[in-house]
Amino acid sequence: MKRIVQIIIILLISNPGLAQVISGKIIDKKGEPLPGANVFIEGSYDGASTDEEGKFSFASQLQGKQTLVVRFVGFREHRQEINMSHDSLIFNIVLRESSNQLGAVTITAGAFEASDEKKGVVMKPLDILTTAGGLGDIYGAINTLPGTQTVGEEGKIFVRGGDSYETKTFFDGMLIEQPYYSSMPDIPTRGRFSPWLFSGTVFSSGGYSAEYGQALSSALILNSEGLAEEDVSSISLMTVGLGASHTKRWENTSLSLSGGYTNLNPYFSLIKQEYEWETAPVGYEGSMVFRQKVGQEGMLKAYGSYGYGRSKLRYPGFDDAEELQSVDLIEKNTYFNTTYKGKTGKKWVTKAGFSYSDDVSDYEIDQDDLDERVKVAQVKYNMTYLDHDIYKIRFGGEFRHKKYSQIYLVDSLSHEYSTPFIDNLSAAFTELELTLGPRFAARIGGRFEYSSLLDKSNAAPRISLAFKTGEKSQISLAWGDFYQTPKDEFARFSPNLYYERATHYIANFQIMKNKRIFRIETYYKDYQNLVKFDSLYSPVPADYKNDGFGHAAGIDVFWRDESIPFLDYWLSYGYIDTKRNYLDYPVEAIPTFVSSHNARAVVKYILPKVNSLLGFTYTFASGRTYYNPNNENFLEDKTRAYHDLSFNISYLTSIWDNFTVVYFSIGNLLDRDNIFGYRYSNQPNEQGVYESFAVTPMSKRFIFLGVFISLTES
Amino acid sequence: MILMILSLFVSMGYSQSENYEKAMMKNLEKMDAAESPDDMQNAANKFERIAMAEKDQWLPWYYAAYASALKGYMGLGPDQLDQQLDKAQELLDKASELDANNDEIEVLQGFIYQARIQVDPQSRGQQYSMKANAAFAKASQINPDNPRPDFLIAQNLLYTPEAFGGGKEAACAKYQSAAEKFANFNPESDIAPNWGKEMNEQMMNRNCK
């Protein structure tokens, strides 16, 4: 008993005497001190923060071997074993920067990214909605970025000398077969998906990841929103239709249902249309968005939609431009996808997805019937291994089953042409992302595809690199091969074709400073194996060959400034030199969708006093080539330049305590008669001249008015 | 003899927990007295050290997150603010791992979301207000007597235009409701969250008279 008391007394007395002072300095790789770092002995309260000079000092009574830990924002945690019985406990520690810190290098060659969460991106989702002239369409807003062409009669995106079919859209990683509504001749179409669905958008004008295939020129990668925040109902009243939606949020689940009805009849009766409509576009649509949180970090998403649309137009005939023929279109589209993303252990991320689409487009052209139906089912699976700071390895596979059918009933011949096909496309990819410190990053990958229809495979290597050249600036390079199965309209006649191929070379410089960004990018693209034929719609397989080719070279410049309060603007300019010999081109020529110079200015200005946001978009495109059979030289005629100034205003207010946005948009403030090109009759008239008409916007001036009301409980 | 050893263990155990509370109290005072971002960082670091030592206490993580978020309000630029809030979020996530259904953690979550708005009010305003309000609603659901959700909602309403249901009148109603709850609020312990009362009074005096 006495001894125990003695021991206790000894322990009590001796303890304070054993306190050791631990001190030192925390610096970064350049030797700069790091103030505010947390230095401590693991499992105890003993520790200190570093001062202005990166120095720290604290006392501890702990004995024996201990672990000294240093933690600091933007740097990797440092741990080291120390022995408290040593005489000298002075530590000078160099912290290594964490690669996910602010301002770390990112691969930017080719890519424009819009995100709420990530830092240092070029665009935000809200920008898509508030861009004048974009009309709330994702593709309309993307069309203000450099690298895109102004092709007003299509409404689709054409990137860096590529045709519109060379750009593919991915919804949570799943390839969308029909991203646009089916279109009428020379009437611009729109994207099917509402920009509200997505919280992150990457527009890549080249050099994209090996995860994405079947796109020769460009990938638009749309990532959908997570769980809805709260219960909300909304109503939209527009000059072109009505819509309503309801969202319900539970603890780990959310569900949104929405429906819309479009009818352009009232609008067309007010605004004079250049084309003769027998039935203005009318349609309805319903969609569902489901989210389920699975465990700590897993998320299951599902989206489904069904849409129906009809329109009927009287359009100049192919044989005689004077004589109008009627084009009647009924489209029914079903789309569904579901994806799961979750963590397996600490270092594996799994992504899995399934999608299904069924699109029926029935055209009636005078007495002839053209019914097209495309069904696609896709499964995709990705695994990513993350060693959090240095490297990431991703690999995955996908399988796409596509069933295409077209039935063309020619009334005058009483003959039915049926051209169905089935294609099973299997693909695998792997990619290594290396981050060597905050100054150098590399992405090296490859993609392999096999198409059962073509009975051929392709292997596409891709490499991207990025280096920091200064604190806020970087250079990024990309090179890669891109393959695409020939378009359905050729593949259905000729299954023995080869994949079309493009090789991209891209160099990019970017500087971001004080809410200003400047980017300049130069590229060269080499096209091989493009489909060529002598006459369109030839049913003879041997008439289609892969001997088309082409090239595109250019410079894209982008400047955005958000540093001025209430003002935000961006300027983009693209110069392109491109020629190709494909389809039925007799010689290498500049395709009709290309303007050598494209310039856009987007300005947004907030008037906080009146809760309004004003937007202006100016679009300039130099003249485009058009085919004139009266000219012996192929595609040597050019239209005059295109100019457009669009304006929009969003006024935020409340109607009976419900948050309301009133949106008004108007195009062509300069009152120009814009011409996209000319169409010629197939046959010359009596004087031996081919007659033509001009392809113009649908109406001289587009006007849109909408009221969007959200009804929340609070 | 056995009694002696037992009592020794008991007293050791007691002293450790006493030590924890003492350390927390001392550091809470430091946090309240912080005048510069550096002072606040020191307090946050100390809470983080306590948190790393006390494996099953959520409060030190909570305060480390709170101090980190407060530092964000001490004059950081937008980029730094975002990074600071990332840190606060990371610390708060640790707290919620230990206690998943906690009104105070939800309150602080809403507070961090509100701070995110400062980085880019124009594009983040709506989204993060919604996120913050959802967190406050959850906090009130867990504990309807917690005054902090009303106080923070009032802070947001004060700077929201009247057209969107904000303005002084709406804010004052919430400050008032918060004040009533503050008057009846008894923290669970000396170190349990108990902030906002003075600020609520100041804001009422300034705006609601």
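Criteria and cut-off values
Residues numbered from 1 in each chain as written. Chains lettered and ligands numbered in written order. Predicted model: local features only at pLDDT ≥ 70, side-chain atom pairs only at ≥ 80, totals over all residues. Heavy atoms only, no water. pLDDT = per-residue confidence, 0-100. Helix = DSSP H or I, 4+ residues; strand = E, 2+ residues; numbered from the N terminus. Contact = heavy atoms within 4.5 Å. Pairing = 2+ DSSP bridges. Axes fitted to C-alpha atoms, helices over the stretch in contact; angles between N-to-C directions. Core = buried A, V, L, I, M, F, W, Y, C linked by side-chain atoms within 4.5 Å. Buried < 20%, exposed > 50% of the residue type's maximum accessible area, 1.4 Å probe, protein only. Domains from an automatic or database assignment. Disulfide = S-S within 2.5 Å. Left-handed = near helix turned anticlockwise from the far one by under 90°. Nonpolar A, V, L, I, M, F, W, Y, C, P; charged D, E, K, R; others polar. 1 Å grid on protein atoms, 1.4 Å probe; cavity = no way out; pocket = protein on both sides within 12 Å on 5 of 7 lines; lining within 4 Å. Points joined across faces, edges and corners; volume = space filled by probe spheres on them. Parallel < 35°, antiparallel > 145°, perpendicular 65-115°, else oblique. Buried area = accessible area lost by both parts, 1.4 Å probe. Salt bridge = Lys/Arg side-chain N within 4 Å of Asp/Glu carboxyl O.

Interpretation of the predicted coordinates at a detailed level should be avoided for regions scoring low in pLDDT. All names here are of chain B. Per-residue pLDDT for chain B averages 85, and the proportion of residues at 70 or more is 91%. For chain B, helix H1 (residues 2-33) is the element with the lowest average pLDDT, namely 66, and helix H3 (residues 59-72) is the one with the highest, namely 93. Predicted confidence is poor over residues 1-15, with pLDDT under 50, and the contacts of this stretch with residues over four places away or in other chains come to six contacts.

We now examine the sheet that holds strand E6 (residues 78-83) of chain A. Residues and elements named next belong to chain A. If you trace the four strands from one edge of the open sheet to the other, you get E3-E2-E5-E6, paired in antiparallel fashion. Looking along the sheet, the strands with just one partner apiece sit at the ends: strand E3 (47-49) and E6. On average, adjacent strands in this sheet sit at an angle of 15° to one another, irrespective of strand direction. Across six bridges, strand E5 (residues 65-71) lies against E6 in antiparallel orientation. The partner of Val70 across the bridge, within E6, is His78.

It is worth spelling out the nonpolar core at this point. The tendency in soluble globular proteins is for nonpolar side chains to be buried side by side. Within the largest apolar cluster, 60 residues are counted, with the highest numbers of intra-cluster contacts made by Met31, Tyr62 and Tyr63 of chain B. Residues Leu145, Ile176, Phe198 and Tyr303 of chain A belong to the second largest nonpolar core, which totals 26 residues.

Tracing the chain through its elements places Leu613 of chain A in strand E32 (residues 612-621). The spacing of Leu613 of chain A and Leu652 of chain A is 39 residues in sequence and 8.4 Å in space, taken between C-alpha atoms. Setting aside chain neighbours within four positions, we find Leu613 of chain A in contact with Thr130, Tyr605, Ile606, Asn648, Ile649 and Ser650 of chain A together with Gln122 of chain B.

The subject of this paragraph is the sheet that holds strand E7 (residues 90-94) of chain A. Residues and elements named next belong to chain A. Pairing is mixed in the open sheet, where three strands are placed in the order E4-E1-E7. This sheet does not close on itself; its edge strands, each paired only once, are strand E4 (55-60) and E7. Across the sheet, the axes of successive neighbouring strands diverge by a mean angle of 20°, strand direction being ignored. In this structure, strand E1 (residues 20-27) lies alongside E7, joined through five bridges in parallel fashion. Paired with Ile27 across the two strands is Val94, which belongs to E7.

Next up on the list: the domain arrangement of chain A. Domain boundaries in chain A define domain 1 (2-94) and domain 2 (111-341 + 348-421 + 431-711). One C-alpha centre belongs to domain 1 of chain A, the other to domain 2 of chain A; they are set 58 Å apart.

As a further point, take the state of the cysteines. Residue and element names in this part refer to chain B. Scanning all chains against the criterion turns up one disulfide over all chains. Across the disulfide from Cys172 sits Cys208; the S-S distance is 2.0 Å. Between Cys172 and Cys208, the S-S dihedral sits near -90°, and the bridge is therefore left-handed. Within this pair, whereas Cys172 is found in helix H8 (residues 168-183), its partner Cys208 is found in the segment after helix H9 (197-207), the two being separated by 36 residues in sequence. Residue Cys172 is classed as buried on the basis of its relative accessible area of 16%.

Bringing the packing of H8 of chain B against H9 of chain B into the picture now. Residue and element names in this part refer to chain B. Orientation of H8 relative to H9, taken along the N-to-C sense of each, is 140°, at an axis distance of 10 Å. For the pair H8 and H9, the sense of crossing is left-handed. Residue-level inspection shows Lys168, Cys172, Tyr175, Gln176, Ala178, Ala179 and Phe182 of H8 in contact with H9, the latter providing Lys197, Asn200, Met203, Met204 and Asn207. Its residues assigned to classes, the contact of H8 with H9 comprises seven nonpolar, three polar and two charged.

The subject of this paragraph is empty space enclosed by the protein. Residues and elements named next belong to chain A. With the rule as written, the count across this model stands at nine cavities of 30 Å³ or more. Empty space within the largest cavity amounts to approximately 90 Å³. Gly147, Thr148, Asp556, Gly574 and Asn598 are the residues nearest the centre of the largest cavity, which is lined by 19 residues in total. For the lining of the largest cavity, the secondary-structure elements that each account for two or more residues are strand E30 (567-581) and strand E31 (597-607).

Residue and element names in this part refer to chain B. Orientation of helix H5 (residues 103-119) relative to helix H7 (residues 148-158), taken along the N-to-C sense of each, is 10°, at an axis distance of 10 Å. By the angle between their axes, H5 is roughly parallel relative to H7. On H7, the residues that touch Glu104, Val107, Phe111 and Gln114 of H5 are Arg148, Pro149, Leu152, Ile153 and Asn156. Of the residues assigned to the contact of H5 with H7, the class counts are five nonpolar, two polar and two charged.

To continue, consider unusual backbone geometry. All names here are of chain A. Of note, the phi angle at Asp186 is positive, near 60°, even though the residue is not glycine. Within the secondary structure, Asp186 sits in the loop between strand E10 (174-175) and strand E11 (198-204). According to the relative accessible area criterion, Asp186 is buried, its value standing at 7%. Located in the positive-phi region is Ser414, a residue other than glycine, with phi close to 50°. Judged by its relative accessible area of 68%, Ser414 is exposed.

Before going further, it helps to spend a moment on the domain arrangement of chain B. Residues and elements named next belong to chain B. Domain assignment breaks chain B into domain 1 (1-82) and domain 2 (101-209). Using C-alpha coordinates to define each centre, domain 1 is positioned 24 Å away from domain 2. Domain 1 puts 17 residues into the contact, and the matching count from domain 2 is 18 residues. Buried surface at the junction of domain 1 and domain 2, summed over both partners, amounts to about 1600 Å²; 71% is from carbon and sulfur atoms. Ranking the residues of domain 1 by area buried against domain 2 places Tyr62, Tyr73 and Asp82 at the top, with a combined share of 34%. Put simply, domain 1 and domain 2 have one salt bridge between them.

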